[in-house]
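Working through the structure, step by step
Next come the chains, spelled out residue by residue.
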Amino acid sequence: MKTEKDYLMASEKYNLTIKEAVQYFNIGEKSLRKLVSDNPTADYILMVGNKILLKRKLFEQFIDETSTI
């Protein structure tokens, strides 16, 4: 059985799922999914099969440089 110590905090993870990114970046799920679908070749997106992962540090840089989502 996993304990709290077995789970990494979002700030320690390299990649975040959409649901993790929603909580970490305080951006709505629909907005994130639209951002991914509108920019499928963005550097911060990693597709693992059908699963969408956001490369946390690259997405943070994108957010820093963006004024509107």
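As a reminder, the structure under discussion sits directly above these lines.
Residues numbered from 1 in each chain as written. Predicted model: local features only at pLDDT ≥ 70, side-chain atom pairs only at ≥ 80, totals over all residues. Heavy atoms only, no water.

**Re the sheet that holds strand E3 (residues 51–55)**
- With antiparallel pairing, the three strands of this open sheet are ordered in space as E1-E3-E2. Strand pairing shows two members of the sheet lacking a second neighbour, strand E1 (15–17) and strand E2 (45–48), which therefore form its edges. With direction set aside, neighbouring strand axes in the sheet form an average angle of 35 degrees.
- Pairing geometry for E1 and E3, over three bridges, is antiparallel. Within E3, the residue paired with Asn15 across the bridge is Lys55.
- Across the sheet, helix H1 (residues 18–25) lies against E1 and E3, angled at about 100 degrees from E1, the strand it touches most.
- Strands in contact with helix H3 (residues 56–65) are E1 and E3; relative to E3, the strand with the most contacts, it is inclined by about 65 degrees. (Pairing = 2+ DSSP bridges. Helix = DSSP H or I, 4+ residues; strand = E, 2+ residues; numbered from the N terminus. Axes fitted to C-alpha atoms, helices over the stretch in contact; angles between N-to-C directions. Contact = heavy atoms within 4.5 Å.)

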